[in-house]
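Chain by chain, the residues:
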Amino acid sequence: MYYFIVNKVSGSGRAYRIWNQIEKRLNKECIPYSVFFTERQKHATELVKEITKKDNVSAIVAIGGDGTVHEVINGIIGTTTPLGIIPAGSGNDFSRGLGIPLDYNLALNRLLNGEPKIIDIGNVNSTYFGTVAGIGFDGKVADTTNRSKHKKLFSSVRLGKISYIISALNVLLRYKPQDITLKIDNELHHLPGVWLVAVAILPFYGGGLVICPKAVSNDGLFEICIAQNMTKLQFLRLLPTVFKGNHTHSPSITILKGKELEIICSDPLLIHGDGEIIGQTPTKIRIEHSALHVMS
């Protein structure tokens, strides 16, 4: 039995339209399924926790964007129940990072015919993330994007990264970098003028921006991108290079690896995980190796 969790509003209603087509195919091919529709924030997590108690679960399938996937992950973690994804949001970075097709029919083929892959998951204060946790500028941009009106517009035409860039430009006008202390696997780094710290399991965030190009989903390590010691103009010039991951050549970018981080700074900084605000500093972030089964 396949259990589908559909966020009707993902992609400005695209997820619901996709579900209608998928349902026709499931019925035509006599594939057993059950479907639930989310009604509020974190509802998907609640639904998943109930579904995983059942005995006949082939997979729990999220139809929506990275926010929906994020909620499903936080319900399914700790079980061996496979996660399936039909991408239908504005960013779809989790699917992109695992090579899951953005076309819903191809994604459904992969789900029905593929084998589970076991990947790592990140943990921030008992909240899990599957793509990237962003601290500082990133957290503020994610918060601004989620509150914006333009997100729905660009979601409807699958241009999630444009929504991110617009929010980034708005935040840039008033954002002030901070000095932070970063502890990575017991090694201390005192970092002045930090714009952002991106802690990645997969390369993508913000709708396809390649923030950590060499992040690998099953190596037991985060790839960590630190941006620091830049003027606003320099930061602005660097932003477009993230589209292809070329920002890593800048002397203002440091790339590190690690299993566990602790971030301390004088003023609290917002943290997003998979584009959802999940806390603020000070915080600890650790990797959970081989913690999630995904149909990919």
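Residues numbered from 1 in each chain as written. Predicted model: local features only at pLDDT ≥ 70, side-chain atom pairs only at ≥ 80, totals over all residues. Heavy atoms only, no water.

**Brief notes about helix α6 (residues 137-147)**
Residues that lie three or four places apart on an α-helix share one face, since the helix turns once every 3.6 residues. Defined as follows: Per-residue accessibility, obtained with a 1.4 Å probe over protein chains only, is compared with the maximum for each type, and a residue is labelled buried under 20%, exposed over 50%, and partly exposed between these values. Only DSSP runs of H or I covering at least 4 residues are called helices, and only runs of E covering at least 2 are called strands; the numbering of each starts at the N terminus.
Counting buried residues along α6, eight of its 11 residues qualify, which places the element largely inside the surrounding structure. Of the residues making up α6, those classed as buried are F137, D138, G139, V141, A142, D143, T144 and T145.

**Side note on the environment of D103**
Counted only if it meets this: Here a polar contact is recorded for every N or O atom pair within 3.5 Å, except that within protein the pair must consist of a potential hydrogen donor and a potential acceptor, and residues adjacent in sequence are included only if both atoms are side-chain atoms.
Inspection of the secondary structure puts D103 in the loop between α4 (93-98) and α5 (104-113). For the pair D103 and A168, spaced 65 residues apart in sequence, the C-alpha separation works out to 28 Å. Polar contacts involving the side chain of D103 include one to the main-chain amide nitrogen of N105, which spans 3.0 Å.

**Comments concerning the state of the cysteines**
Our working definition: Cysteine sulfur atoms are paired as a disulfide whenever they fall within 2.5 Å.
In the structure shown here, the tally under the stated rule is zero disulfides. Sulfur of C212: no disulfide; nearest cysteine sulfur belongs to C225 and is 5.1 Å away.

**Here we look at the nonpolar core**
To keep it simple, the criterion reads: Among the buried residues, those of types Ala, Val, Leu, Ile, Met, Phe, Trp, Tyr and Cys that are joined through side-chain atoms within 4.5 Å form a nonpolar core. Contact between two residues is taken to exist if any of their heavy atoms lie within 4.5 Å; hydrogens are not considered.
Formed by 93 residues in total, the largest nonpolar core has its most connected members in I63, L83, F94 and F137. With eight residues, strand β9 (residues 187-200) is the single largest residue contributor to this core. Ignoring any residue separated from it by four or fewer positions in sequence, one finds F137 in contact with A168, V171, L172, Y175, W195, L196 and F235.

**Some words on the packing of aromatic side chains**
Stated precisely, the cut-off is as follows: Aromatic pairing here means that ring centres of Phe, Tyr or Trp (its six-membered ring) are within 6.5 Å. Orientation follows from the plane angle: under 30 degrees is stacked, over 60 is edge-to-face, and everything else is tilted. Lysine NZ or arginine CZ positioned within 6 Å of the ring centre and within 35 degrees of the ring normal marks a charge as sitting over the ring.
Scanning all chains against the criterion turns up 10 aromatic pairs. Between F137 and Y175 the ring centres are 5.5 Å apart and the planes differ by 85 degrees, which places this aromatic pair in the edge-to-face class. Highlighted residues: F137 in helix α6 and Y175 in the loop between α8 (160-172) and β8 (178-184), separated in sequence by 38 residues. The pair F137 / Y175 is uniform in exposure class, with both members buried. Aromatic pair F137 and F235: ring centres 4.8 Å apart, planes at 75 degrees, arrangement edge-to-face. Taken together, the residues F137 in helix α6 and F235 in helix α9 (residues 232-238) connect sequence positions 98 residues apart. Assigned by exposure class, F137 and F235 land together as buried. The rings of F137, Y175, W195 and F235 are connected pair by pair, giving a single aromatic cluster. Taking the ring centre of Y16 as reference, the NZ or CZ of K8 above it sits at 5.0 Å. The cationic tip of K8 hangs over the ring face of F37; the distance from NZ or CZ to the ring centre is 4.8 Å.

**Let's talk about empty space enclosed by the protein**
Defined as follows: For cavity detection a 1 Å grid was placed over the protein atoms alone, and a set of points counts as a cavity when a 1.4 Å probe fits there but cannot get out; an open set counts as a pocket when protein lies on both sides within 12 Å along at least five of seven lines, with lining residues being those that have an atom within 4 Å of a point. Grid points are joined across faces, edges and corners, and a volume is the space filled by probe spheres set on the points.
With the rule as written, the count across this model stands at two cavities of 30 Å³ or more. Size it by volume and the largest cavity reaches roughly 110 Å³. Around the largest cavity sit 15 residues that line it, and L196, I211, F235, L239 and V242 are the ones nearest its centre. At the level of elements, α6, β12 (222-228) and α9 are the ones that each hand at least two residues to the lining of the largest cavity. Within this model, the second largest cavity holds a volume of roughly 30 Å³. Lining the second largest cavity are I135, G136, Y175, Q178, I180, V194, W195, L196, V197 and L269. Those elements that place two or more of their residues in the lining of the second largest cavity are β7 (132-136), β8 and β9. In terms of residue count, the dominant contributor to the lining of the second largest cavity is β9 (four residues).

**Observations regarding the pairing of strand β5 (residues 116-124)**
How we decide: Between any two strands, at least two bridges found by DSSP are needed for them to pair.
As defined by bridge partners, β5 adjoins strand β17 (residues 283-295) across eight bridges and the pair is classed as antiparallel. Following the sheet pairing, I119 is matched in β17 by L292. Bridge analysis of β5 against strand β6 (residues 127-129) gives three bridges, and the strand direction is antiparallel. Bridge pairing in β6 links G122 to F129. Hairpin remark: β5 followed by β6, antiparallel, with two residues in the connecting loop; positive phi at N125, about 50 degrees.

**Observations concerning the pattern of salt bridges**
Formally: Salt-bridge detection follows one rule: a side-chain nitrogen of Lys or Arg within 4 Å of a carboxyl oxygen of Asp or Glu.
Enumeration according to the criterion identifies eight salt bridges in this entry. Its salt-bridge partner being E46, residue R40 comes within 2.7 Å of it at the nearest N-O pair. On the accessibility criterion, R40 (44% relative accessible area) is partly exposed. Between E288 and R286 there is a salt bridge, and its shortest N-O distance comes to 3.1 Å. Three or more residues are tied together by salt bridges with common partners; here these are E39, R40 and E46.

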